[in-house]
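# Structure at a glance
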Protein chains: 2
Amino acid sequence: MLISTKGRYALRVLIDMAEHSGSEYIKLKDIAERQEISEKYLESIVKQLVKNKIVTGLRGKGGGYKLSKAPDEINVGEVLRIMEGSLAPVACMEETNLPCPRVGECRTREFWRGLNDAIRRYTDSFTIADLTRSYSADYDYVI
Amino acid sequence: MLISTKGRYALRVLIDMAEHSGSEYIKLKDIAERQEISEKYLESIVKQLVKNKIVTGLRGKGGGYKLSKAPDEINVGEVLRIMEGSLAPVACMEETNLPCPRVGECRTREFWRGLNDAIRRYTDSFTIADLTRSYSADYDYVI
DNA sequence: GTTTTTCATAGTATAACAGTATGTTGGTAT
DNA sequence: ATACCAACATACTGTTATACTATGAAAAAC
């Protein structure tokens, strides 16, 4: 499993913020209820997003979280990499890891590199805006 | 991490067999030594490959394992799926899992489906033959 | 100064990973 | 026949990650 609940929940939180905030702070309790995810667990997830400047927190009454950037400025691949640490499909494709001692005789390295690239290309091609429900497309507008 | 040592080692074993066997049985001990992997651990991996008809085992002296099919008939994606159980990047993309109860309101499903497809397309586009060192390409031929 | 919300730290049950250990079965060579 | 060899089978183990829960401190609004 490449993506754990951390990455999946993070995307849902960001989409929720993009869909519900009008430059207002939203409290985690609301998001947790809408998304049916434990608020306490979400705290640990959102903390990571704050640390990486994806969202901004404000304490106290009327506080909460909001996106630090516009939804179309938030890259999905970057978010997933923050939450999962890495999206490398194998250990030898993680930048932090020192090169494999068998690299000289390895028959599979290029195969893994290609898979790594495919995953990165795909995930990096989406923004949070791409994942929000298009307002005009399916909103039943009624006066 | 999408791929564990099970999947990585399985590919190395199959490549080793493809490169060293001339329709002969190779004993695990030799593969384990060449690949510098615990023979005992490899046993558990090869057992899976036998069960799935990727390799064939023969007991006793002169016995060992060999590929059940030609290297270019063995699909890398299939091998990885056998070893890892699934290559789905998220739980909701596993065929065996029952559909997510939030599917109606899920904003991320199509994103995950796309990632799942990208991984499957890539891994299914390789055979073991693609991963073996091409004999003619870089062998220093000397009389 | 009380309420509200984020922020911070610590703990916990479960499962998967990456093996190890011991023994059995079935072929081969002598 | 029997000694040997290598696959086959089952059970166990240490470590790490996952997916949380619990308790409390800090700051902002009222």
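This text gives an overview of the structure that appears in the document. Since the model is a prediction, treat every value here as computed from it, not as a measurement.

Let's shift gears to the interface of chain A and chain B. On the side of chain B, 34 residues touch chain A, which itself brings 34 residues to the contact. Roughly 3100 Å² is buried in total at the junction of chain A and chain B, and carbon and sulfur atoms are behind 64% of that figure. Our count for the contact surface shared by chain A and chain B stands at four salt bridges. Residues Glu36 of chain A and Arg102 of chain B are paired through a salt bridge, measuring 2.4 Å at the closest nitrogen-oxygen approach. Our count for the chain A to chain B interface comes out at 16 residue pairs in polar contact (both at pLDDT 80 or more). When contributions to the side of chain A that touches chain B are tallied by element, the ones reaching two or more residues are α1 (5–20), α2 (28–35), α4 (76–84) and α5 (109–124) of chain A. The element contributing the most residues to the side of chain A that touches chain B is α5 of chain A, with eight residues.

Once that is clear, we can look at the side chain of Gln35 of chain A. Counting through the fold element by element, Gln35 of chain A comes out in helix α2. Here Gln35 of chain A falls in the buried class, since its relative accessible area comes to 12%. In this structure the side chain of Gln35 of chain A is engaged in a polar contact, spanning 3.0 Å, whose partner is the side chain of Asp16 of chain A. Those residues within four positions of Gln35 of chain A in sequence are excluded, and the remaining contacts are Arg12 and Asp16 of chain A together with Arg102 of chain B.

Bringing the protein's contact with DNA strand C into the picture now. In the neighbourhood of DNA strand C, 24 residues make up the surrounding shell, with Lys27, Leu28, Lys47 and Tyr65 of chain A together with Gly60 of chain B lying closest. Backbone atoms, meaning sugar and phosphate, make up 69% of the atoms of DNA strand C lying within 4 Å of the protein. Tyr65 of chain A places a polar side-chain atom, nitrogen or oxygen, 2.7 Å from a phosphate oxygen of DNA strand C. Between a phosphate oxygen of DNA strand C and a side-chain N or O atom of Tyr9 of chain B, the distance comes to 3.2 Å. Mapped onto the surface near DNA strand C, the elements with two or more residues apiece are α3 (39–51), β1 (55–58) and β2 (64–67) of chain A together with α1 (5–20) and α3 (39–51) of chain B. Per-element tally for the surface near DNA strand C: the top contributor is α3 of chain A, with four residues. Of the residues that constitute the surface near DNA strand C, the class distribution is seven nonpolar, seven polar and ten charged.

Turning to the state of the cysteines, a few remarks are in order. One covalent bond between the sulfur atoms of two cysteine residues makes up a disulfide. Residues and elements named next belong to chain B. Per the counting criterion, the structure on display carries zero disulfides over all chains. Counting only cysteine sulfurs, Cys106 is the nearest neighbor of Cys92, a cysteine outside any disulfide, at a range of 6.4 Å. Cys106 takes part in no disulfide bond, and the closest cysteine sulfur to it belongs to Cys100, at a distance of 6.0 Å. Overall, the relative accessible area of 27% leaves Cys106 in the partly exposed class.

Thresholds, definitions, all that
- Residues numbered from 1 in each chain as written.
- Chains lettered and ligands numbered in written order.
- Predicted model: local features only at pLDDT ≥ 70, side-chain atom pairs only at ≥ 80, totals over all residues.
- Heavy atoms only, no water.
- Contact = heavy atoms within 4.5 Å.
- Buried area = accessible area lost by both parts, 1.4 Å probe.
- Salt bridge = Lys/Arg side-chain N within 4 Å of Asp/Glu carboxyl O.
- Polar contact = N/O pair within 3.5 Å; in protein donor to acceptor, adjacent residues only side chain to side chain.
- Helix = DSSP H or I, 4+ residues; strand = E, 2+ residues; numbered from the N terminus.
- Buried < 20%, exposed > 50% of the residue type's maximum accessible area, 1.4 Å probe, protein only.
- Near = heavy atom within 4 Å.
- Nonpolar A, V, L, I, M, F, W, Y, C, P; charged D, E, K, R; others polar.
- Disulfide = S-S within 2.5 Å.

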